[in-house]
Amino acid sequence: FNFLGIGTQTEVAQALGKGQEKEAGRITSLALSMGLAFALLIIVLMLPTARQIAALLGAEEAVLTEAVAYMRVRLLGAPAVLATLVTFGALRGLQDMRTPLWVAVGVNALNILLDYLFIFGFGPIPAMGVMGAALASTVAQWLGAITAVILTHRQLTLIPNLNLAAARNLIRIGGDLFFRTGLLMLFLIVATRVATQAGAASGAAHTAIRQLFVFTDLFLVAFATTAQSLVGYFMGSQQVAQAKRVVSIGTAWSLVTGMLLGAVMWLATDWVIGLLVPETAVSLFHTAWLISYLMQPLNALAFITDGVHWGTGDYRYLRNGMLAATLRGGAALWLIDP
């Protein structure tokens, strides 16, 4: 459902470029209403099927039990997650990058604090283990979403809006992104399943690398998000030359950042192993980690070009590119014998 945030950001940026602030508020309100509807549907469909979904991913015995408990608590945060996606998209479309930053920092800082309280217990709060981690994330996300909606309302007038004709238009705009994101998630799910079926050590190594890869992505997505808003604004105001200048500068910064991230990952190899990787998984970790840090420059280019195409609204191209990548990557996973 990332398309709600990405689509909102592009539409708001282009509306701002055209000087149509009321239209930006209407789009944001519609996206919030749609996000709430989608979130409720997710909860209704996935709460009773959490065990089957976890088993499909390859979880067994103790892992299955913990996964189900985690998923069911995290599902209750679905409305908050989608509301945050939409409001962050709207704020970034307004060229306000600081508000989403501070809300995100606050949410993650609170999440870390609540992790300690709920996972290990403190005073009257019992130790809840994995389920405590889920509860910490859910509570932090709800508080962050409420804050983001209030701050967005201060800049754009938000009203309940579920105009079906307009909703169809937003879904059509975001349909290609929905398909694209679905393909990405499908690939990650299959990769997780292959790693889990190969054994606990393989699953641990996979998880450690994936989490660090997501962390490095946060640096790169900053350039993509900025490029999206600026390109959207300049395309909305018909300043194509300025949009091209944004692309050139953004690409240069992204590529340099990708190289630096790869170098830092290489230098931090032993530290990452000591912090995140069980001893039984170290031998499996090394080769995959090598590929991960060597891929960072290419990863950087993928992010910045995503942002540019988001800003121009060229979602179909991105969809087709992801389809080709998923087919190639999926074929490679198919050849792996767990």
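Structure first, text after, so check above.
Small disclaimer: the values here were computed from a predicted structure and weren't measured. (Residues numbered from 1 in each chain as written. Predicted model: local features only at pLDDT ≥ 70, side-chain atom pairs only at ≥ 80, totals over all residues. Heavy atoms only, no water.)

A. Up close: the overall build of the protein. A tally of helices and strands in the protein yields 14 helices and 0 strands. For the protein, the α and β elements follow one another from N to C terminus as α-α-α-α-α-α-α-α-α-α-α-α-α-α. Taken over C-alpha atoms, the radius of gyration comes to 21 Å for the protein, in line with the 20 Å a tight globule of 338 residues would show. Each principal axis of the C-alpha distribution contributes one length, and for the protein these read about 60 × 45 × 35 Å. Counting the 338 residues in the protein, one finds 42% classified as buried. Of all intrachain contacts in the protein linking residues separated by at least 6 positions in sequence, the fraction that spans at least 24 positions is 79%. Accessible area for the protein stands at about 18100 Å²; split by element, carbon and sulfur atoms hold 70% of it. Considering the protein, the positive charge centre built from 19 side chains and the negative charge centre built from 15 side chains are found 12 Å apart. (Helix = DSSP H or I, 4+ residues; strand = E, 2+ residues; numbered from the N terminus. Rg over C-alpha atoms; globule rule 2.2 N^0.38 Å. Buried < 20%, exposed > 50% of the residue type's maximum accessible area, 1.4 Å probe, protein only. Contact = heavy atoms within 4.5 Å. Areas by Shrake-Rupley, 256 points an atom, 1.4 Å probe, with all protein chains shown as cover. Lys, Arg positive; Asp, Glu negative; His and termini not counted. Charge placed at Lys NZ, Arg CZ, Asp CG, Glu CD.)

B. Representation of the layout of surface pockets. When its volume is computed, the second largest pocket comes out at roughly 270 Å³. Every residue lining the second largest pocket is counted, 16 residues in all, and those nearest its centre are Leu 32, Ser 33, Leu 36, Ala 83 and Val 149. Mapped onto the lining of the second largest pocket, the elements with two or more residues apiece are helix H2 (21-46), helix H5 (78-93) and helix H7 (129-155). Among the elements that line the lining of the second largest pocket, the one with the most residues is H2, at 5 residues. Looking at the lining of the second largest pocket residue by residue, the class counts come to 13 nonpolar, 3 polar and no charged. (1 Å grid on protein atoms, 1.4 Å probe; cavity = no way out; pocket = protein on both sides within 12 Å on 5 of 7 lines; lining within 4 Å. Points joined across faces, edges and corners; volume = space filled by probe spheres on them. Nonpolar A, V, L, I, M, F, W, Y, C, P; charged D, E, K, R; others polar.)

C. Summary view of the packing of H5 against H7. The contact between H5 and H7 brings their axes to 8 Å, and the two run at 35 degrees. Here the hand of the crossing between H5 and H7 comes out left-handed. Side by side, H5 and H7 meet where Pro 79, Ala 80, Val 81, Ala 83, Thr 84, Thr 87, Phe 88, Ala 90 and Leu 91 of the first sit next to Gln 141, Trp 142, Gly 144, Ala 145, Ala 148, Val 149, Thr 152 and Gln 155 of the second. The residue makeup of the contact of H5 with H7, split by class, is 11 nonpolar, 6 polar and no charged. (Axes fitted to C-alpha atoms, helices over the stretch in contact; angles between N-to-C directions. Left-handed = near helix turned anticlockwise from the far one by under 90°.)

D. Fine view of the packing of helix H11 (residues 269-276) against helix H12 (residues 282-294). Where H11 contacts H12, the axes come no closer than 11 Å and their chain directions differ by 135 degrees. Taken as axis vectors, H11 and H12 run oblique relative to one another. Seen from above, H11 lies across H12 with right-handed handedness. Contact with H11, carried on its side by Thr 269, Val 272 and Ile 273, involves Val 282, Phe 285, His 286, Trp 289 and Tyr 293 of H12 and no other residues of that element. (Parallel < 35°, antiparallel > 145°, perpendicular 65-115°, else oblique.)

E. Summary view of the nonpolar core. The biggest cluster of nonpolar side chains holds 36 residues, and the ones touching the most others in it are Leu 4, Met 34, Leu 156, Leu 177, Trp 310 and Tyr 315. Listing elements by their share of this core, those giving two or more residues are helix H1 (2-17), H2, H5, helix H8 (164-197), helix H9 (200-236), helix H13 (296-312) and helix H14 (315-334). Apart from residues no more than four positions distant in its own chain, Tyr 315 is found in contact with Ile 6, Gly 7, Thr 10, Ile 173, Asp 176, Leu 177 and Trp 310. Judged by nonpolar contacts, the second largest core, of 13 residues, contains Ile 209, Ala 268, Val 272 and Trp 289. (Core = buried A, V, L, I, M, F, W, Y, C linked by side-chain atoms within 4.5 Å.)

F. Quick look at the packing of aromatic side chains. Under the criterion given, the structure shown has 9 aromatic pairs. Plain terms: the ring middles of Phe 1 and Phe 38 are 4.9 Å apart, the flat faces sit at 40 degrees to each other, and that makes the pair tilted. Placement of the pair is Phe 1 in the segment before H1 and Phe 38 in helix H2, with a sequence separation of 37 residues. Residue Phe 38 is classed as partly exposed on the basis of its relative accessible area of 22%. Since its relative accessible area comes to 29%, Phe 1 is described here as partly exposed. (Phe/Tyr/Trp six-rings, centres within 6.5 Å; stacked < 30°, edge-to-face > 60°.)

G. Region of the structure containing the side chain of Thr 10. Mapped onto the fold, Thr 10 is located in helix H1. Note on Thr 10: relative accessible area 1%, which makes it buried. For Thr 10, the contacting residues outside a window of four places in its chain are Gln 228, Trp 310, Gly 311, Gly 313 and Tyr 315.

H. Layout of helix H4 (residues 61-75). Counted at 1.5 Å a residue, the expected span for H4 with its 15 residues is 21 Å, and the 21 Å between its end C-alpha atoms agrees. Considered for burial, the residues of H4 that qualify are Leu 64, Val 68, Met 71, Val 73 and Leu 75. Residues of H4 that are buried make contact with H2, helix H3 (50-56), H5 and H7. (Expected span 1.5 Å × (residues − 1).)

I. Structural context of a nonpolar patch on the surface. Taken together, Ile 291, Met 295, Leu 298 and Leu 301 make up a surface patch of nonpolar side chains, about 360 Å² in accessible area. Along the chain, Ile 291 falls in helix H12. By relative accessible area, Ile 291 is classed as exposed at 51%. (Patch = residues over 30% accessible without salt bridge, like charges linked within 9 Å, V, L, I, M, F, W, Y side chains within 5 Å. Salt bridge = Lys/Arg side-chain N within 4 Å of Asp/Glu carboxyl O.)

J. Spatial organisation of the environment of Leu 101. As for its position among the elements, Leu 101 is in helix H6 (residues 98-120). Owing to a relative accessible area of 45%, Leu 101 belongs among the partly exposed residues under this scheme. Spatially, the C-alpha atom of Leu 101 lies 9.0 Å from that of Phe 88, the residues being 13 residues apart in sequence.

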